[in-house]
Amino acid sequence: MADAARSTVSNWLSSLARNSRRWVTATVIAGTLAGLATIVQMVLLAGVIHQGVIEKVPVSGLTPWFVALLGVLVIRAIGQGLQTRFAARCSEQVRREARWQLHQHWKATGPVNLSDTSAASLAREWLDHVEALHGYFARFLPQMTLSVIIPVCILVLVFWLDWLAGMFLALSAPLIPLFMALVGMGAEKLNQQHFETVSRLSGQFLDKIRGLTTLQLFGRTQEASQTLQSRSDQYRMITMKTLKVAFLSSAVLEFFASVAIAVLAIYIGFGLLGYIEFGPSDELTLFSGLLILLLAPEFFQPLRTLSQHYHDRAAALGAGTEILARLEQPVRSGAIASTTETGESPRSSADRIQIDNVSVRYGDGPIILHHLDLTISRGEVVALTGPSGGGKSTLLHLMAGFIQPGVGAVSVFGAAPGEHPFGWLGQRGFWIQGTWAENLRLTSPDASDIAIDFALRQVGLGELIDSRPEGIYSAMAEDGQGLSGGQARRLSLARIFLADYQLILLDEPTAGLDATSEVFIVDALRKLCESGKNLVFSTHHQALLTLADRVLIVNEGEVRDA
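Residues numbered from 1 in each chain as written. Predicted model: local features only at pLDDT ≥ 70, side-chain atom pairs only at ≥ 80, totals over all residues. Heavy atoms only, no water.

Quick look at the nonpolar core
Stage number 1. Among the nonpolar cores identified, the biggest contains 41 residues, and Leu-456, Leu-491, Leu-493, Leu-525 and Leu-535 are the most heavily contacted of them.
Stage number 2. The dominant element in this core, judged by the number of residues it contributes, is helix α15 (residues 485–499), at seven residues.
Stage number 3. Non-local contacts of Leu-493, meaning those with residues more than four positions away in its chain, are made with Leu-425, Val-459, Leu-506, Ile-521, Ala-524, Leu-525 and Leu-528.
Stage number 4. Counting 28 residues, the second largest nonpolar core, distinct from the first, contains Val-112, Leu-369, Leu-372 and Leu-505. (Core = buried A, V, L, I, M, F, W, Y, C linked by side-chain atoms within 4.5 Å. Buried < 20%, exposed > 50% of the residue type's maximum accessible area, 1.4 Å probe, protein only. Helix = DSSP H or I, 4+ residues; strand = E, 2+ residues; numbered from the N terminus. Contact = heavy atoms within 4.5 Å.)

Observations regarding the sheet that holds strand β10 (residues 550–555)
Stage number 1. Read from one edge to the other, the open sheet built from six strands follows the order β5-β8-β9-β3-β10-β11, with strand pairing classed as mixed. Every interior strand has two partners, whereas the edge strands, β5 (423–425) and β11 (558–561), have only one. Averaged over neighbouring strand pairs, the angle between their axes works out to 15 degrees when direction is ignored.
Stage number 2. Two strands pair when backbone bridges link them, and β10 and β11 are joined in this way by four bridges, in the antiparallel orientation. When the bridges of β11 are listed, Leu-552 appears paired with Asp-561.
Stage number 3. Against the sheet, helix α11 (residues 392–400) touches β3 (381–385), β5, β8 (503–507), β9 (534–538), β10 and β11, its axis set at about 150 degrees to β8.
Stage number 4. Its contacts with the sheet put α15 on β5 and β8, and the angle it makes with β5 is roughly 170 degrees. (Pairing = 2+ DSSP bridges. Axes fitted to C-alpha atoms, helices over the stretch in contact; angles between N-to-C directions.)

Digging into the pairing of β3
Stage number 1. For β3, the buried fraction is high: five of the five residues fall into the buried class.
Stage number 2. Strand direction decides the pairing type here: β3 and β9, joined by four bridges, are parallel. Across the sheet, Ala-383 pairs through a bridge with Phe-537, a residue of β9.
Stage number 3. Note: β3 against β10, four bridges, orientation parallel. Counterpart to Ala-383 in the pairing with β10 is Val-551.

A look at the side chain of His-50
Stage number 1. In this fold, His-50 is placed in helix α2 (residues 21–53).
Stage number 2. Taking the relative accessible area as the measure of exposure, His-50 reaches 14% and is therefore buried.

Observations concerning the packing of α2 against helix α3 (residues 63–114)
Stage number 1. Viewed as axis vectors pointing N to C, α2 and α3 meet at an angle of 160 degrees, and their least axial separation amounts to 8 Å. Between α2 and α3, the crossing angle belongs to the class labelled roughly antiparallel. By crossing handedness, the relation of α2 to α3 is classed as left-handed.
Stage number 2. Classifying every residue of the contact of α2 with α3 by side-chain character gives 22 nonpolar, ten polar and two charged. (Parallel < 35°, antiparallel > 145°, perpendicular 65-115°, else oblique. Left-handed = near helix turned anticlockwise from the far one by under 90°. Nonpolar A, V, L, I, M, F, W, Y, C, P; charged D, E, K, R; others polar.)

A closer look at the packing of aromatic side chains
Stage number 1. Counting across every chain of the model gives eight aromatic pairs.
Stage number 2. Here the aromatic rings of Tyr-136 and Phe-137 are separated by 4.9 Å at their centres, their planes lie at 85 degrees, and the arrangement is edge-to-face. Comparing Tyr-136 with Phe-137 shows no difference in burial state: the two are buried.
Stage number 3. Of the aromatic side chains, those joined through ring pairs into one cluster are Tyr-136, Phe-137 and Phe-140. (Phe/Tyr/Trp six-rings, centres within 6.5 Å; stacked < 30°, edge-to-face > 60°.)

Digging into the layout of surface pockets
Stage number 1. Roughly 2,700 Å³ of volume is contained in the largest pocket.
Stage number 2. What lines the largest pocket is a set of 50 residues, among which Pro-111, Trp-424, Arg-428, Gly-429 and Phe-430 lie closest to the centre.
Stage number 3. Listing elements by their share of the lining of the largest pocket, those giving two or more residues are α3, α4 (119–131), α7 (175–210), α11, β5 and α15.
Stage number 4. When residues in the lining of the largest pocket are grouped by element, the largest group, eight residues, is from α3.
Stage number 5. Its residues placed into classes, the lining of the largest pocket shows 23 nonpolar, 18 polar and nine charged.
Stage number 6. Its volume calculated, the second largest pocket comes out at about 400 Å³.
Stage number 7. In this structure, the second largest pocket is lined by 17 residues; those nearest its centre are Gly-31, Ala-34, Gln-80, Gln-83 and Gln-301.
Stage number 8. Within the residue set of the lining of the second largest pocket, elements represented by two or more residues are α2, α3, α5 (134–161) and α10 (286–327).
Stage number 9. With five residues, α2 is the largest single contributor of residues to the lining of the second largest pocket. (1 Å grid on protein atoms, 1.4 Å probe; cavity = no way out; pocket = protein on both sides within 12 Å on 5 of 7 lines; lining within 4 Å. Points joined across faces, edges and corners; volume = space filled by probe spheres on them.)

Notes on the environment of Leu-372
Stage number 1. Here Leu-372 shows up in strand β2 (residues 367–377).
Stage number 2. Leu-372 sits in the buried class, given a relative accessible area of 4%.
Stage number 3. Apart from residues no more than four positions distant in its own chain, Leu-372 is found in contact with Ile-355, Asp-356, Asn-357, Val-358, Leu-395 and Val-559.

As for a nonpolar patch on the surface
Stage number 1. A contiguous nonpolar surface patch, about 420 Å² in accessible area, is contributed by Leu-70, Leu-73, Val-74, Ile-78 and Leu-82.
Stage number 2. Looking at where Ile-78 falls in the secondary structure, it is placed in helix α3.
Stage number 3. By relative accessible area, Ile-78 is classed as partly exposed at 47%. (Patch = residues over 30% accessible without salt bridge, like charges linked within 9 Å, V, L, I, M, F, W, Y side chains within 5 Å. Areas by Shrake-Rupley, 256 points an atom, 1.4 Å probe, with all protein chains shown as cover. Salt bridge = Lys/Arg side-chain N within 4 Å of Asp/Glu carboxyl O.)

What to know about unusual backbone geometry
Stage number 1. Backbone geometry at Lys-56 places phi at a positive 60 degrees, although glycine is not the residue there.
Stage number 2. Position of Lys-56 among the secondary structure elements: in the loop between α2 and α3.
Stage number 3. Classification of Lys-56 as exposed rests on a relative accessible area of 63%.
Stage number 4. A positive phi is found at Glu-508, a non-glycine position, where the angle reads about 50 degrees.
Stage number 5. With respect to the helices and strands, the residue Glu-508 is situated in the loop between β8 and α16 (515–530).
Stage number 6. By relative accessible area, Glu-508 is classed as buried at 12%.

A closer look at the sheet that holds strand β4 (residues 409–412)
Stage number 1. Strands sit in the order β2-β1-β4 across an open sheet of three strands; the sheet is antiparallel. Since the sheet does not close on itself, it has two edges, and those belong to β2 and β4, each with one partner. Pairs of neighbouring strands in the sheet enclose a mean axial angle of 15 degrees, with direction left out of account.
Stage number 2. Across the sheet, α11 touches β1 (352–361), β2 and β4, and the angle it forms with β2 is around 55 degrees.

Observations concerning the pattern of salt bridges
Stage number 1. For the coordinates displayed, the defined rule picks out 13 salt bridges.
Stage number 2. Put simply, Arg-441 and Asp-449 hold a salt bridge, and the shortest N to O gap is 2.7 Å.
Stage number 3. When its relative accessible area of 22% is taken as the criterion, Arg-441 is described as partly exposed.
Stage number 4. Take Asp-449: its relative accessible area is 34%, and that puts it in the partly exposed class.
Stage number 5. Counted as one network, the salt bridges with shared partners bring together Arg-95, Arg-99 and Glu-131.

Describing the confidence of the model for the protein chain
Stage number 1. On average, residues of the protein chain carry a pLDDT of 81, and 87% of them reach 70 or more.
Stage number 2. The least confident element of the protein chain is α7, whose mean pLDDT is 63; the most confident is α2, at 92.
Stage number 3. Low pLDDT, under 50, characterises residues 333–344; the predicted model gives this stretch 30 contacts beyond four residues in sequence or across chains. (pLDDT = per-residue confidence, 0-100.)

Structure representation (structure tokens):
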């Protein structure tokens, strides 16, 4: 990862942390409480042993020590529990903020511009990449502060007990952050490669699964299998390299910590036996020597914990690079470009759809819509017709807010397109693995079974419901398996009946359907027209054209009445 890119990602992570600063601070305070309780625990433990072994205090005389030790253990447990709780709240808030930023970017980009991006890549950004931020904010970020506070407190106490032992700890402590940083440089690069590789693998796997029937028809399944195998092998190699770096770094850090503690133990042991007379060694007692030995692992523990969580930082930088690459993409990059200057205001009204002086084209291609002015009154049914590529779908996308014109303005019932709920039926439906009822509740979560049954019968699926033992809870697959093409299209149309939208936009609602399905679709749309809804649809179907109050011909950048 280049220095500039790493700096950009670090700044973005810092901006997320600023919004959760109070939770980070609370986590550090709770961790400090647990760390101080640990120090007191070691003091009490060393005191109990010294009193019992050297001072020959009976067990009954040690009761206050044991009570105090038990109380400190409770305080330590409370501190650790609060630290975990506050860290989880911090991470939750950060991940919510990251997902909100992704959602806002996707919303601004629109489904038209996102159509070229693999659904697997978008899902991985939303799920895995955002989840990879958890360790950084819940563990690494608070531990950075704790790895300074707790060791400093222990170091002060050790220097007070024995300055030579304190020197051993002070000299050995920088070795762990040094090797942690050296190992982390390689870990960051490997984590970024890991995220990039798994994103490509996810996208290719989903594409191959969706196109499995086509691959079988053309006899290309073997090549597809080899491609996936190659990508999987690459992913395996990157994963193993990442694990190798993780295990190697842990081994190196544990080695240096163990050596430092061993040297300290040798010094204290020989000092208590009288073999060392240098410095304060002759003043060592069982209490001071044992306390130093008990505190030595606790001195290194925050640093070792930080080194373990350093990989969380590398993972967050890798995931942050992918997320930031998405967020920094221009909203209309490669999709819609303006033809004149911007800045016009819409003549908005709550009683109409208003399009004022809108000009649109795709990239450097020909102009799709040129200085378009169009008014559609509330309750009006409008049909768009004309040759393919004339701009019918683009006009529907403008009304839906899927694309934003750089020239002119669009107002839908006095608001920006997409601000008010509307019904949309595209040429390709969207379904999830589940039941018919679950698919209809995507737009109306609180819909009752009776309402769902009524909506399905409105689109001509009544006989099919009656023929299925499970009724509206019949299962269907993500690709519509279990229903014919026409039935799946009608199921999508049933969502519009169920949600009761004022504005309904339909892009070629009868395209690719058999004659029977066309009849059901036309009949369902007639019911919507009679209910006073605003319908705007593109079509070449004569029966649909007869439903419209106005028929507009869209061709060569112009829209005119038929």
